[in-house]
Amino acid sequence: MSQSTYAMREPIATDILASANAKYKNRDYLGALTEYTEAIGIDPSNALAICCRGVAYYKLGDDQDAMRDYTRAISIDPKLAIAYYRRGFLHYLAQDYSSAIADYNKAIALQPDFALAYSNRGYAYRDMYGEQEALIDWRFAAKLFKEQGNITKYKSTMRSIEQIYDDASCGSGML
């Protein structure tokens, strides 16, 4: 393709998404939101783009539009685990723990190694049922974080467990 042909072609959704993702990484959430919306205008069935726009809305403090986008992404692609996770997080923030748990359950069913979903479901269980319910998920999340090489999240999760037990065996890394 010649340079003049390239310059004249219409932007495609993947180009716009790449630019939106770069803006998001640089914390230009408004710019990312604008470009995610443009990409969705080109491809309204792109569930991942809709989910990403939801994250931009969330970062801009618009939980209602974020929730709408996560739900729309799920309706387009019911196997998109990240959309259930993100919607579950908003339910958790709204203290709707049963809905949060249901969404985390769905994310985990779709992606059994989704450590963040286990961790966050643990917080929802803690707030709804108590610390003992949370421990099962936090232990499994810690194990997954460690296996996946996410040592920062592993250590953070282990601190949550230690706060409950205040037991040296929990801090030893033995899972």
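Residues numbered from 1 in each chain as written. Predicted model: local features only at pLDDT ≥ 70, side-chain atom pairs only at ≥ 80, totals over all residues. Heavy atoms only, no water.

Participant: I'm lost on unusual backbone geometry in this one. Help?
Facilitator: With the exception of glycine, the majority of residues adopt a negative phi angle, and the majority of peptide bonds are in the trans configuration. Here the phi dihedral of arginine 27 falls at roughly 65°; this positive angle occurs in a residue that is not glycine. Looking at the element boundaries, arginine 27 is found in the loop between α2 (13-25) and α3 (29-42). For glutamine 95, which is not glycine, the phi torsion reads 60° and is therefore positive. Looking at the secondary structure, you find glutamine 95 in the loop between α6 (81-93) and α7 (97-110). Given the relative accessible area of 58%, glutamine 95 is considered exposed. (Helix = DSSP H or I, 4+ residues; strand = E, 2+ residues; numbered from the N terminus. Buried < 20%, exposed > 50% of the residue type's maximum accessible area, 1.4 Å probe, protein only.)

Participant: Can you help me understand the confidence of the model for the chain in this one?
Facilitator: One rule of thumb: low pLDDT means the predicted coordinates there are not for detailed reading. The share of residues in the chain with pLDDT of 70 or more is 88%, and the mean pLDDT across the chain is 90. Here residues 1-9 scores under 50 on pLDDT; set against residues more than four positions off or in separate chains, the count is 3 contacts. Across residues 167-175 the pLDDT falls below 50, and counting only partners more than four positions away or on other chains, this stretch makes 15 contacts in the model. (pLDDT = per-residue confidence, 0-100. Contact = heavy atoms within 4.5 Å.)

Participant: What should I look at first to understand the nonpolar core in this one?
Facilitator: The nonpolar side chains of a soluble globular protein tend to be buried with one another. Core analysis: the biggest nonpolar cluster contains 50 residues, and Ala73 and Ala107 have the highest contact counts within it. Sequence-distant contacts of alanine 73, defined by excluding residues within four places in its chain, comprise Ala47, Ile50, Cys51, Leu80 and Ala83. (Core = buried A, V, L, I, M, F, W, Y, C linked by side-chain atoms within 4.5 Å.)

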